[in-house]
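# Examining the three-dimensional arrangement
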Amino acid sequence: MEPPSNFRILGLGEVLWDLLPNGRQLGGAPSNFAYHARALGADASIISRVGEDDLGREALQRLRQLGLPTDLVQTDPAHPTGAASVEVDAAGQPRFVIHENTAWDWLEETAAAQRAVSAAAALCFGTLAQRNRTTRNTLRALIAVAPPTALRIFDVNLRGDYFCTALIRESLALANALKLSDAELPQIASMLGLSGNTRDVIARLAADFRLRVVACTRGDHGSLLWHDGEWSEHPGIPAQVQDTVGAGDSFTAAMTLGLLLGWELDRVNQGANEVASFVASSAGATPRIPERLAGLFLAS
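Structure report, in brief.

What counts, and where the lines are drawn
Residues numbered from 1 in each chain as written. Predicted model: local features only at pLDDT ≥ 70, side-chain atom pairs only at ≥ 80, totals over all residues. Heavy atoms only, no water. Helix = DSSP H or I, 4+ residues; strand = E, 2+ residues; numbered from the N terminus. Rg over C-alpha atoms; globule rule 2.2 N^0.38 Å. Buried < 20%, exposed > 50% of the residue type's maximum accessible area, 1.4 Å probe, protein only. Contact = heavy atoms within 4.5 Å. Areas by Shrake-Rupley, 256 points an atom, 1.4 Å probe, with all protein chains shown as cover. Lys, Arg positive; Asp, Glu negative; His and termini not counted. Charge placed at Lys NZ, Arg CZ, Asp CG, Glu CD. Core = buried A, V, L, I, M, F, W, Y, C linked by side-chain atoms within 4.5 Å. 1 Å grid on protein atoms, 1.4 Å probe; cavity = no way out; pocket = protein on both sides within 12 Å on 5 of 7 lines; lining within 4 Å. Points joined across faces, edges and corners; volume = space filled by probe spheres on them. Nonpolar A, V, L, I, M, F, W, Y, C, P; charged D, E, K, R; others polar.

## Here's the deal with the overall build of the chain
- Each helix and strand counted, the chain has 10 helices and 13 strands in total.
- Radius of gyration (C-alpha) of the chain: 18 Å, near the 19 Å computed for a compact globule of 300 residues.
- Seen through its C-alpha atoms, the chain measures out along the principal axes to roughly 50 × 45 × 40 Å.
- The 300 residues of the chain split such that 55% are buried.
- Within the chain, contacts between residues separated by at least 24 positions form 70% of all contacts whose residues are at least 6 apart in sequence.
- When the accessible area of the chain is evaluated, it comes to approximately 12,900 Å², of which 48% is carbon and sulfur surface.
- Of the side chains in the chain, 25 bear a positive and 33 a negative charge, and the two mean positions are spaced by 3 Å.

What follows is the structure in structure tokens.
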């Protein structure tokens, strides 16, 4: 069996700063995914774009501190680094406002990005990075050069109004694996005209879009996996939750690595839940992964 370090895993899409009342935190589902895949032993990187500004330079420094290479992160001289501000409504409820027309909206199809994707064992992309036509076209061109054997994971991550039925259909057609939450599943089912219980909808998605893998995460209630006709249900692992930011991305990374390692599906589900439970019990999206968890994958 191959060691995890032999697997090239890529996150494609946004890197942005969450501008929180208590300070800013680097975020973006693709970068969180890449961080966790690398923390579990894979050769993982992020393909993204930041501005030629102070926030961009700080983002690159933060990525390096997290152990992620930055050679595939482009620098944009014309657009600012991505950010999401927090606004508080009249009822005191916070609302994230994702800034538009930022650097990651203008991702270019470079030769370096093409080479990386053409050697990838797995890549992960979502909806948010496709809100602008430029990055949407770049992502689709890059995904097209991935090896036929690569896992092409569509992690829907529905945000604001940056998605529509056509985008969901087109993204599913690019993918051979799907990850979504139990809150997103009924939204996707409604958009695509699917009915039935959770398993019915998952099986229909897999059949209609020729998916190899479908993962539905359910917060503290665990997850349901489907892989080539086989099911695995996990009840979840209790955790004292600090925040859930990044937990879903860590689940996707751990699941991806388990599948690449050829684990049985129940083992994949267990490992992914263990990693996600730890992240939910920690502050922030990218806590240091303890050796006991990384060892689950490194020992394979």
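## Details of the nonpolar core
- Judged by nonpolar contacts, the single largest core of 49 residues is most densely connected at Ile 9, Met 255, Leu 257 and Phe 297.
- At eight residues, helix H9 (residues 265-280) tops the list of elements feeding residues into this core.
- Leave out the neighbours within four places in its chain, and Phe 297 touches Pro 4, Leu 40, Ala 254, Leu 257, Gly 258, Leu 261, Trp 263, Gly 271 and Val 275.
- Judged by nonpolar contacts, the second largest core, of 46 residues, contains Ala 84, Leu 123, Ala 150 and Val 214.

## Some details on empty space enclosed by the protein
- Evaluated as defined, the whole model comprises one cavity of 30 Å³ or more.
- What the largest cavity holds in volume is close to 40 Å³.
- Surrounding the largest cavity, Leu 26, Gly 27, Ser 31, Asn 32, Leu 63, Leu 66, Leu 68 and Thr 286 form its lining.
- At the level of elements, strand S3 (23-27) and helix H1 (29-39) are the ones that each hand at least two residues to the lining of the largest cavity.
- In terms of residue class, the lining of the largest cavity is made up of four nonpolar, four polar and no charged.

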